[in-house]
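Coordinate analysis (summary)
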Amino acid sequence: MRWKPIGYTALGLASVLALGVAGYGWTQVNRLTSGLATADVIEPSAQLPSSPPNVPVPEQNILLVGIDARTDAQGNPLPQNVLDQLHAGNSSDGGDTTDTMIVLHIPAGGGAATAISIPRDSYVEIADGYGKHKINSAYTYGKQAALTQLAAQGVTGAEQERQADKAGARTAIRTVEQFTGLTINHYAAINLFGFYTLSNAVGGVPVCLSEPVHDPYSGADFPAGPQVLSGARALEFVRQRHGLANGDLDRIARQQAFLSSAAKVVLDAGTLANPVKLDRLIAAVQQSVLIDSGWDILTFAQQMRGLSADGLTFVTIPVQSLSLQTPYDGDAVKVDPVGVRAFIDNLLGKGPASPSAHPSGAAAQAAQSSAPPTTETSVVPSSNSSDLSGCVH
């Protein structure tokens, strides 16, 4: 089985699925999933009926998000010494924006799946009446409104965080559905600390850079060539935005590259058959990954054992501009919702969309011509360490 990159949230999801898909025993999957944090965030109309493991996986869309949060999956604040290691400021920084948003489309039967990445600065209509803003703020708007309501009700501490996070997730889900035209059936989220602990748990991830990097904002300071990253260093690698020619799109490519390599590490027998690494991996996933409460991960993993050899294909939605001037949100990524829906319909083989869902004329050409390439990005160093042609920028 070959995994292609699906964004940094996928490190947690890949960790859950790998135990079952790679055949390392359902007792380990049960052990892992029994401690996962869950939240009721999927609308009843979008929930899938339960099915036995021997029934092929039904068609579904999974929203994967990476949250710039300063709490763990249970809503507890991260210690300052941990935030210092992550170059994450203090507990008041971050704003709970979703730094990564990916819709993973799985066709009926679990065949070749498609991961659709949405640039975090895409300027869209936020669901629940919050107006037009960057899509990564949808979670924040929903959460902040809930925090105010919960405080008025006397709810505080970790319980307040958990309930507010649920509201934020619901707003983010509705915004993505509204923007893409896809119904979200499942949800998985990971925060900054989760990425840190998961990359440590697998013993580091090999990456390769075509040029040296120095970015004081993210803390990224790497030489050119192959190297192995974990913890804070891994987080710096995937969070870098400054110094990249195409901003959000290059950051997505960086995340693609890292997760392509990370998934291979997770699926490697040396990771899953090593009791120490396996214990660390399970503990890290339980601490950092949150999924919707209606998702039976054990059954899903069993159904996904039939995943085709082509694995997952990673694409990014078409964009029109990376420097859209907005009234209140600074520079944003300009997107055409009509063109995006048509792009997704064509991508998933849904056939001709309704007339209102088709871009036309210049808008259609701009949307399609701006779509980033869908080729796989590799970070696995070649046998010749001086050959950097396959490395990311």
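Calculation notes
- Residues numbered from 1 in each chain as written.
- Predicted model: local features only at pLDDT ≥ 70, side-chain atom pairs only at ≥ 80, totals over all residues.
- Heavy atoms only, no water.
- Helix = DSSP H or I, 4+ residues; strand = E, 2+ residues; numbered from the N terminus.
- Buried < 20%, exposed > 50% of the residue type's maximum accessible area, 1.4 Å probe, protein only.
- Areas by Shrake-Rupley, 256 points an atom, 1.4 Å probe, with all protein chains shown as cover.
- Phe/Tyr/Trp six-rings, centres within 6.5 Å; stacked < 30°, edge-to-face > 60°.
- Polar contact = N/O pair within 3.5 Å; in protein donor to acceptor, adjacent residues only side chain to side chain.
- Axes fitted to C-alpha atoms, helices over the stretch in contact; angles between N-to-C directions.
- Parallel < 35°, antiparallel > 145°, perpendicular 65-115°, else oblique.
- Left-handed = near helix turned anticlockwise from the far one by under 90°.
- Contact = heavy atoms within 4.5 Å.
- Nonpolar A, V, L, I, M, F, W, Y, C, P; charged D, E, K, R; others polar.
- pLDDT = per-residue confidence, 0-100.

**Comments concerning the overall build of the protein chain**
Scanning the protein chain for helices and strands turns up 13 helices and 15 strands. When each of the 393 residues of the protein chain is scored for burial, the buried share is 54%. Summed over all atoms, the accessible surface of the protein chain reaches about 15600 Å², with 51% contributed by carbon and sulfur.

**Examining the packing of aromatic side chains**
Within this structure, the stated rule accounts for 3 aromatic pairs. Judged by centre distance (6.1 Å) and plane angle (65 degrees), the rings of Phe 222 and Phe 237 are edge-to-face. Of this pair, Phe 222 sits in strand S10 (residues 220-222) while Phe 237 sits in helix H7 (residues 231-239), placing them 15 residues apart in sequence. Phe 237 carries the same exposure label as Phe 222, and that label is buried. Seen in terms of ring centroids, Trp 295 and Phe 300 are 5.3 Å apart; in terms of plane orientation they differ by 70 degrees. Their pairing is edge-to-face. Overall, the relative accessible area of 6% leaves Trp 295 in the buried class.

**Section: the side chain of Gln 60**
Mapped onto the elements of the fold, Gln 60 is located in strand S2 (residues 60-67). Engagement of the side chain of Gln 60 in a polar contact is seen with the backbone oxygen of Pro 58, the distance being 3.0 Å.

**Focus: the packing of helix H6 (residues 192-201) against H7**
For the pair H6 and H7, interaxial distance at closest approach is 8 Å and the crossing angle is 120 degrees. Judged by the angle between their axes, H6 and H7 are oblique. Seen along the crossing, H6 lies across H7 with a hand that is right-handed. Together, Leu 192, Phe 195, Tyr 196, Ser 199 and Asn 200 of H6 and Gly 231, Ala 232, Ala 234, Leu 235, Val 238 and Arg 239 of H7 make up the contact between the two elements. Its residues assigned to classes, the contact of H6 with H7 comprises 7 nonpolar, 3 polar and 1 charged.

**Points about the confidence of the model for the protein chain**
Taken over all residues, the pLDDT of the protein chain has a mean of 76, while the share at 70 or more is 72%. Within the protein chain, the element-level pLDDT minimum falls on helix H13 (residues 361-369), averaging 38, and the maximum on strand S5 (residues 123-126), averaging 98. Ignoring residues within four places in sequence, the model shows residues 20-24, a span with pLDDT below 50, making 14 contacts including any to other chains. Note on residues 353-385: pLDDT is under 50 here. Beyond four places in sequence and across chains, it has 60 contacts.

**Some words on unusual backbone geometry**
In this model, Asp 128 sits at a positive phi of 70 degrees, which is unusual for a non-glycine residue. By the secondary structure assignment, Asp 128 is in the loop between S5 and strand S6 (131-134).

**Notes on the environment of Asp 84**
Mapped onto the secondary structure, Asp 84 falls in helix H3 (residues 80-85). The spacing of Asp 84 and Ala 232 is 148 residues in sequence and 9.5 Å in space, taken between C-alpha atoms.

**Regarding the side chain of Thr 180**
Secondary-structure assignment places Thr 180 in helix H5 (residues 157-180). For Thr 180, a relative accessible area of 3% puts it in the buried group. Separated by 2.7 Å, the side chain of Thr 180 and the backbone oxygen of Val 176 make a polar contact. Here Leu 182 takes part through its backbone nitrogen, which lies 3.1 Å from a polar atom of the side chain of Thr 180.

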